[in-house]
Amino acid sequence: MPNSIVNIARSARLASVSLQSVSNEQKNEALLRIKQVLNERRQEIFEANEKDKQIAKGLVESGKLSESLFKRLDVCQGDKFDTILSGVSDITQLPDPTKKITMATKLDEGLELYRISVPVGVLLTIFEARPEVVVNISCLALKSGNAVILKGGKEATHTNAALARVIQDALASLPVIPKEAVQIVETREDISALLDLDRYIDLVVPRGSNSLVKYIQNNTRIPVLGHADGICSVYVDKEADITKAVKLVVDSKTNYTAACNSAETLLIHESLLASGAFIKIAEALLQAGVTLKCEKRVREVLLQSSVADKAEKIEEAVDQDFDTEFLDLVMAIRAVDHVEAAVVHINDHGSKHTDAIITENRDTADYFMTRVDAAGCYWNASTRFADGFRYGFGAEVGVSTNKTHARGPVGLEGLVIYKYKLLGQGDIVGDYGSGKKQYKHETISPSQYSL
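Residues numbered from 1 in each chain as written. Predicted model: local features only at pLDDT ≥ 70, side-chain atom pairs only at ≥ 80, totals over all residues. Heavy atoms only, no water.

Under the annotation held in an unreviewed UniProt entry, the protein carries the name glutamate-5-semialdehyde dehydrogenase and is attributed to Rhizopus delemar. The UniProt entry for the protein carries this comment under Catalytic activity (unreviewed entry): "L-glutamate 5-semialdehyde + phosphate + NADP(+) = L-glutamyl 5-phosphate + NADPH + H(+)". (UniProt positions renumbered as here; feature names shortened; annotations may be inferred.)

Here it is as structure tokens:
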């Protein structure tokens, strides 16, 4: 393994130790300094981004890069860079997730146990396109007291390097946080080496394609926080308000098709096929340019309806369609005979990301939201709300479908863990037991904690 990679990981570990004692005020000062220097060196960053865009343009023309990834690459367009800067300010307004006492127990007189939130330590974040992730993740890491090593996609190499360089320079101008708290690597070989360094790295956060996430999960002993797929479903119940359903289904599918929280499957209660209510939903989707991959009986209903003139957009689904993240204007559609069948379908085919039910029946909604096994379950709301910013977390680190540590959109709270601190006065276990002292196990006020 190259010494340079080991040195990067080791210096990140040392930086993370230093960050443990940095105050919230000092962290906010560092973030605002980062924002200032980013703004001052905007032109340098834009020039780097133009280099990446010129290279990427050729890749799009040769079919080696998708248009959606190309669009994500651009940080110069409109007010995007100003939005990135605003995001840094927003993070300073969030409460510090560290040093929170979440449990306080008196084991005995003079023997007190506290559970306190602490940073995870060193994060390794691997992402594709979206250079703004360098800023978002770096600032979230610093706010939560973590060091971070970043690896972006090769399509944004120049932009990522420029952003990381500016952030390091901003940190170097302050005495409190080591600049090694934010570092960047560039090659696939670097990542392979870092994935072996569980001695120094505490958590891997991948953001990208299914293949990227699966590769990381299969090639490291380090815990991985993330999701491989975003196969989100919307179920329209027999007691749905169809006006709401039209609006919600179209938004879930078309608001931003390349997002992991875009709906890929539509489940319709079979009673809506005969009533014509489904036709209104299908018509709205077709008008939005969505290709409908329908199971046979659903397709037959559509081909005998007012939308039959759009037959070229109404295809017969195959089994694989219900296990596919299209990330495009394509949606798989199936009819079910009750909410239980919708739940079974989602738990069998979904990716545990975000699923929604549209119904006016509270009991049906409760059944769905209780039994669907997903990080997010929504009632009469678009799946596109599954986002750290929309949840009020600030810029998110990513979305997790894990069932340990953090789940759903991950903000600052997902970047801390906890430790137990026991304050004694020379106490030993041998003093306790039958015929000896007994534990009190009394809940006490966290305010009693003092060192």
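*Asks:* Would you mind going over the overall build of the protein with me for this structure?
*Replies:* Across its full length, the protein holds 16 helices and 17 strands. Along the first, second and third principal axes, the C-alpha set of the protein runs to 80 × 65 × 40 Å. Here the protein holds 451 residues, and the buried ones make up 53% of them. Considering only contacts within the protein whose residues lie at least 6 apart along the sequence, 73% involve residues at least 24 apart. When the accessible surface of the protein is totalled, it reaches about 20300 Å², and 49% of it is carbon and sulfur. When the 53 positive and 61 negative side-chain charges of the protein are each reduced to one mean point, those points stand 4 Å apart. (Helix = DSSP H or I, 4+ residues; strand = E, 2+ residues; numbered from the N terminus. Buried < 20%, exposed > 50% of the residue type's maximum accessible area, 1.4 Å probe, protein only. Contact = heavy atoms within 4.5 Å. Areas by Shrake-Rupley, 256 points an atom, 1.4 Å probe, with all protein chains shown as cover. Lys, Arg positive; Asp, Glu negative; His and termini not counted. Charge placed at Lys NZ, Arg CZ, Asp CG, Glu CD.)

*Asks:* Please clarify how helix 10 (residues 242-254) should be interpreted in this entry.
*Replies:* For an α-helix, the turn length of 3.6 residues means that residues three or four places apart are oriented alike. Here helix 10 contains 13 residues, and its C-alpha end-to-end distance of 18 Å stays within 8% of the 18 Å for a straight helix at 1.5 Å per residue. Within helix 10 the residues assigned to the buried category are Ile-242, Ala-245, Leu-248, Val-249, Val-250, Ser-252 and Lys-253. Those residues of helix 10 that are buried lie in contact with strand 7 (232-236), strand 8 (263-269), helix 11 (271-275), helix 12 (277-287), strand 11 (330-336) and strand 12 (354-358). (Expected span 1.5 Å × (residues − 1).)

*Asks:* Would you explain the domain arrangement of the protein in this entry?
*Replies:* The figure often quoted for interface size is the accessible area lost as the parts come together. As far as domains go, the protein holds domain 1 (5-218) and domain 2 (232-385). Computed from C-alpha atoms alone, the centre-to-centre distance between domain 1 and domain 2 is 36 Å. (Domains from an automatic or database assignment.)

*Asks:* Would you mind going over the pattern of salt bridges with me for this structure?
*Replies:* It is possible for side chains of opposite charge to pair when their charged atoms get near one another. All chains considered together, the criterion is met by 22 salt bridges. As a salt-bridge pair, Lys-53 and Glu-50 come within 3.0 Å of each other at their nearest N and O atoms. Of the two residues, Lys-53 and Glu-50 both sit in helix 3 (residues 42-61), three residues apart, roughly one turn of that helix. Glu-50 sits in the partly exposed class, given a relative accessible area of 36%. For the salt bridge of Lys-106 with Glu-442, the shortest nitrogen-to-oxygen distance reads 3.9 Å. Placement of Lys-106 in strand 1 (residues 101-108) and of Glu-442 in strand 17 (residues 442-443) is noted, with a sequence separation of 336 residues between them. The structure contains a network of salt bridges with shared partners spanning Arg-41, Glu-44, Arg-165 and Asp-169. (Salt bridge = Lys/Arg side-chain N within 4 Å of Asp/Glu carboxyl O.)

*Asks:* Looking at this structure, how should I read the sheet that holds strand 5 (residues 182-185)?
*Replies:* Hydrogen bonds between backbone atoms are what pair the strands of a sheet, whose relative direction is either parallel or antiparallel. If you trace the four strands from one edge of the open sheet to the other, you get 5-4-3-6, paired in parallel fashion. In this open sheet, the two edge strands, each paired with only one partner strand, are strand 5 and strand 6 (203-207). Sheet twist, expressed as the average angle between the axes of neighbouring strands with direction ignored, equals 20 degrees. Running at roughly 145 degrees to strand 4 (residues 147-151), helix 1 (residues 3-19) makes contact with strand 3 (122-127), strand 4 and strand 5 of the sheet. (Pairing = 2+ DSSP bridges. Axes fitted to C-alpha atoms, helices over the stretch in contact; angles between N-to-C directions.)

*Asks:* Whenever I open this one, the packing of aromatic side chains confuses me. Can you help?
*Replies:* What describes a pair of aromatic rings is the distance from one ring centre to the other and the angle between the planes of the rings. Enumeration according to the criterion identifies six aromatic pairs in this entry. Their ring planes at 70 degrees and their centres at 4.9 Å tell us that Tyr-114 and Tyr-449 sit as a pair that is edge-to-face. In this pair, Tyr-114 sits in strand 2 (residues 111-119) while Tyr-449 sits in the segment after strand 17, placing the two residues 335 residues apart along the sequence. Using a relative accessible area of 22% as the deciding quantity, one classes Tyr-449 as partly exposed. Seen from their ring centres, Tyr-391 and Phe-393 are 5.5 Å apart, and the 85 degrees between their planes marks the pair as edge-to-face. Looking at Tyr-391, the relative accessible area reads 34%, which means it is partly exposed. For Phe-393, a relative accessible area of 32% translates into the label partly exposed. Lying across the ring of Tyr-418, Arg-115 places its NZ or CZ 5.4 Å from the centre. Between the NZ or CZ atom of Arg-334 and the centre of the ring of Phe-322, over which it lies, the distance is 3.9 Å. (Phe/Tyr/Trp six-rings, centres within 6.5 Å; stacked < 30°, edge-to-face > 60°. Lys NZ or Arg CZ within 6 Å of the ring centre and 35° of its normal.)

*Asks:* Please clarify how the packing of helix 2 (residues 24-40) against helix 7 (residues 157-172) should be interpreted in this entry.
*Replies:* When two helices pack together, their arrangement is given by the angle between the helix axes and by the axis-to-axis distance. Contact geometry for helix 2 and helix 7: axes closest at 9 Å, N-to-C directions at 130 degrees. With respect to each other, helix 2 and helix 7 are oriented oblique. When you trace helix 2 past helix 7, the crossing you get is right-handed. In this structure, helix 2 uses Ala-30, Arg-33, Ile-34, Val-37 and Leu-38 to contact helix 7, whose residues at the interface are Leu-163, Val-166, Ile-167, Ala-170 and Leu-171. (Parallel < 35°, antiparallel > 145°, perpendicular 65-115°, else oblique. Left-handed = near helix turned anticlockwise from the far one by under 90°.)

*Asks:* Help me understand the side chain of Glu-155, please; the structure alone is not making it clear to me.
*Replies:* For Glu-155, the location among the structural elements is in the loop between strand 4 and helix 7. Although Glu-155 is buried, it makes no salt bridge; Lys-154 carries the closest opposite charge, 7.0 Å away. Setting aside anything within four residues of it in sequence, one finds Glu-155 in contact with Asp-52, Leu-73, Glu-128 and Ala-129.

*Asks:* Mind showing me how you'd approach the sheet that holds strand 17 here?
*Replies:* Judged by pairing direction, the sheet is antiparallel, and its four strands sit side by side in the order 16-2-1-17 without closing on themselves. Looking at which strands have only one partner, the edges of the open sheet turn out to be strand 16 (416-423) and strand 17.

*Asks:* It is not clear to me how the nonpolar core should be interpreted in this structure. Could you clarify?
*Replies:* Here is a general trend for soluble globular proteins: nonpolar side chains tend to be buried in one another's company. Core analysis: the largest hydrophobic core is formed by 75 residues, its most contacted members being Ile-34, Leu-38, Leu-124, Leu-142, Ile-149 and Leu-194. Per element, the largest residue contribution to this core is eight residues, and it comes from helix 6 (residues 132-143). Core analysis: the second largest hydrophobic core is formed by 35 residues, Cys-294, Val-298, Leu-302 and Ala-356 among them. (Core = buried A, V, L, I, M, F, W, Y, C linked by side-chain atoms within 4.5 Å.)

*Asks:* What is the right way to read the packing of helix 3 against helix 7 from this model?
*Replies:* In contact at an axis separation of 7 Å, helix 3 and helix 7 are set at 160 degrees when each is read in the N-to-C sense. By the angle class used here, helix 3 and helix 7 are roughly antiparallel. Helix-helix and strand crossings are classified by hand; for helix 3 and helix 7 the assignment is left-handed. For the pair helix 3 and helix 7, the contacting residues are Glu-44, Ile-45, Ala-48, Asn-49, Lys-51, Asp-52 and Ile-55 in the first and Thr-157, His-158, Thr-159, Ala-162, Leu-163, Arg-165 and Val-166 in the second. For the contact of helix 3 with helix 7, the per-class residue count stands at six nonpolar, four polar and four charged. (Nonpolar A, V, L, I, M, F, W, Y, C, P; charged D, E, K, R; others polar.)

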